[in-house]
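Report on the structure
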Amino acid sequence: MSIVVRDPRRADRATVDAFAEFGVATVHEAQARTGLLDPALRPVWSGAHIAGTAVTVSVPPADNWMIHVAVEQCRDGDVLVVAPTSPSEAGYFGDLIATAVAARGVRGLVIDAGCRDVADLKRMGFPVWARHISAFGTVKETLGDVNTPIVCAGQRIAPGDVIVADDDGVVVVPRLEATAVLAASRVREEREAALRKRYASGELGLDINDMRERLARKGLTYVDREPTDDH
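Residues numbered from 1 in each chain as written. Predicted model: local features only at pLDDT ≥ 70, side-chain atom pairs only at ≥ 80, totals over all residues. Heavy atoms only, no water.

Here's the deal with the environment of Val 82
Condition: By the criteria applied, helices consist of DSSP H or I runs no shorter than four residues and strands consist of E runs no shorter than two, each listed in order from the N terminus. Using a 1.4 Å probe on the protein chains alone, a residue whose accessible area is under 20% of its type maximum counts as buried, one over 50% counts as exposed, and one in between counts as partly exposed. Contacts are residue-level and defined by heavy atoms, with any inter-residue pair within 4.5 Å sufficient.
Relative to the elements of secondary structure, Val 82 occurs in strand 3 (residues 78-84). Note on Val 82: relative accessible area 1%, which makes it buried. Distance from Val 82 to Thr 15, taken between C-alpha atoms, is 23 Å for residues 67 residues apart in sequence. Discounting chain neighbours no more than four positions away, the residues touching Val 82 are Val 57, Val 59, Ile 67, Leu 109, Val 110, Ile 111, Asp 112 and Cys 152.

Right under this line is the structure:
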């Protein structure tokens, strides 16, 4: 049986919007280096940075029918997250569906498959992270699911989870952990800002992070160049 879950619980909107202040690397590190999707998913155009709530779609290979079904379930602030039930390089998503979801306030697409119409997506400013760029077409024959938990690019994603994506990739934050991870991201960002100033002033990471003693314990030895008769 295929199902569509209407209006699933979503992470708090203010919390989600606040994640847009932080990069994927910061969020990933802040939640104990978890939640990072397969780095094979790449932005189809560079420079985009989004944070939103997941609308999940499970689709058969080379069949995008359920993406059309999912459009109706999208609302402002969402990110469409699509995973095929088996690997597919087909171009499930292009400028027409992008136009439809953008009209509903969707902030971007994450798809563990293909998309197409990349030049149009860039012109529209609609962000997409995809495993493939492919003009290969799809059919509309087989049902799937909308707003049920899926595995996308190696990570379990439930509807309403927080998705953060930028040029470094995509990370998912479970809905119930969003507040804690946001706080940890702020702490990490403040620490890095302070470190950045120290690096810019010429201090070495070896000293800032007390690395020298640990390196010595590991056996690192410095040897001065011996004097020679060379001039």
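After that view, the rundown keeps rolling.
What to know about the state of the cysteines
So the rule is basically this: In this description, the term disulfide denotes a pair of cysteine sulfurs within 2.5 Å.
Counted under the stated rule, the structure contains 0 disulfides. With no disulfide of its own, Cys 74 has Cys 152 as its nearest cysteine by sulfur position, at a separation of 14 Å. Residue classification places Cys 74 among the buried positions, given a relative accessible area of 4%. Here Cys 115 is not cross-linked by a disulfide; its sulfur's nearest cysteine counterpart is in Cys 152, at 13 Å. Taking the relative accessible area as the measure of exposure, Cys 115 reaches 0% and is therefore buried.

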